[in-house]
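Fold and geometry: a report
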Amino acid sequence: MDDKDWELFKQQLNRKTGIDLQLYKEQQMRRRINNLIQKTPFKSYTTFFNDVVRDKQRFADFIEYLTINVSEFFRNPDKFDQVEKDIIPYLLKRNDSLNIWSAGCSIGAEPYTLSIIMKELTPSKRHRILATDLDIEIIGKAKRGIYTADEIKAMRSDRKVKYFTKTPDGKFAIKPEIKMPVDFKRHNLLKDRFETNFDLILCRNVVIYFTEEAKAELYANFFKALKPGGILFVGGTESILNARQIGYVTYKPFFYQRPLNE
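All values derive from a computational prediction rather than experimental measurement.

Cut-offs and rules
Residues numbered from 1 in each chain as written. Predicted model: local features only at pLDDT ≥ 70, side-chain atom pairs only at ≥ 80, totals over all residues. Heavy atoms only, no water. Helix = DSSP H or I, 4+ residues; strand = E, 2+ residues; numbered from the N terminus. Buried < 20%, exposed > 50% of the residue type's maximum accessible area, 1.4 Å probe, protein only. Lys, Arg positive; Asp, Glu negative; His and termini not counted. Salt bridge = Lys/Arg side-chain N within 4 Å of Asp/Glu carboxyl O. Polar contact = N/O pair within 3.5 Å; in protein donor to acceptor, adjacent residues only side chain to side chain. Pairing = 2+ DSSP bridges.

1. So, the side chain of Asp135
Among the structural elements, Asp135 can be located in the loop between strand E2 (128-133) and helix H7 (136-144). Notably, Asp135 is buried but unbridged: the nearest opposite-charge side chain belongs to Arg186, and the N-O separation is 7.1 Å. In terms of polar contacts, Asp135 uses its side chain to reach the backbone amide nitrogen of Glu137, at 3.0 Å.

So this is what it looks like as structure tokens:
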């Protein structure tokens, strides 16, 4: 699997899906794809790609593998405790109806977590939660809202009982009242236009394979997408090194704010 084959594979992938691997760390992403191809009889990226696109399910599985769709409800509970007890109440003091974006929402656990928090904090208010992901198949799973016990393991037992219905096969279906505020859309963070006027944006554990240049542009675009005073919540290993240069102030570790008065 040589460099020429790799370049051709990247072109094929971009044409088919809109995923531009030029914006991802090459060494890490190439190693990830190599690990997958080594489990197959194929000897090049392009022969593997040409084969996998023939089968809709295999291709969907490949894209899910590329986009690393791993998530669960209340992932990193201590951080969501901060969201529930500090971040959301702070934002509600300024706007009683919030516009929230879960970017790279994966299976929907994060936006539904936010929906549960908002229902408990403001049961009579309606908020908008935009949930986006690059992978159209994973968005379909998110919309269905059916989860395994592992995917809700970090949630308090009273919330499991209140917001889920047990399915005949032992899984957990999110209730319609939690689904309703969430608006799922396909969106490519490295290519598509961003909406604006968000009070809170979450982008956690999404940028692991992005180049530094792509990350810098992404965080600058998030800054523009926030309202003055709005907050960006990133993953536990994703400190924004040039946050001050972009214009952010640190609200708390891993929470970055667009200043109220710029």
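2. Regarding the pairing of strand E9 (residues 249-252)
Relative to strand E10 (residues 255-257), E9 runs antiparallel, the two sharing three bridges. Opposite Val249, over in E10, you have Gln257 as the bridge partner. The antiparallel pairing of E9 with E10 creates a hairpin that spans two residues between the two strands, and Phe254 there sits at a positive phi of about 75 degrees.

3. Topic: the sheet that holds strand E5 (residues 172-174)
Read from one edge of the open sheet, three strands run E3-E5-E4, paired in antiparallel fashion. With one partner strand each, in any of the chains shown, strand E3 (146-147) and strand E4 (164-166) form the two edges of the open sheet. With three bridges joining them, E4 and E5 adopt antiparallel strand pairing. Bridging across to E5, Phe164 finds its partner in Ile174.

4. Quick look at the pattern of salt bridges
Tallied over the full model, the rule gives 19 salt bridges. A salt bridge links Arg58 to Asp51; the shortest N-O distance between them is 2.7 Å. For the salt bridge of Arg204 with Glu110, the shortest nitrogen-to-oxygen distance reads 3.4 Å. You can see Arg204 sitting in the loop between strand E7 (198-203) and helix H10 (212-225) and its partner Glu110 sitting in helix H6 (residues 109-121), a full 94 residues away along the chain. Each member of the pair Arg204 and Glu110 is classed as buried. Salt bridges here are not isolated pairs; linked through shared partners, they connect Arg128, Asp183, Lys185 and Glu195.

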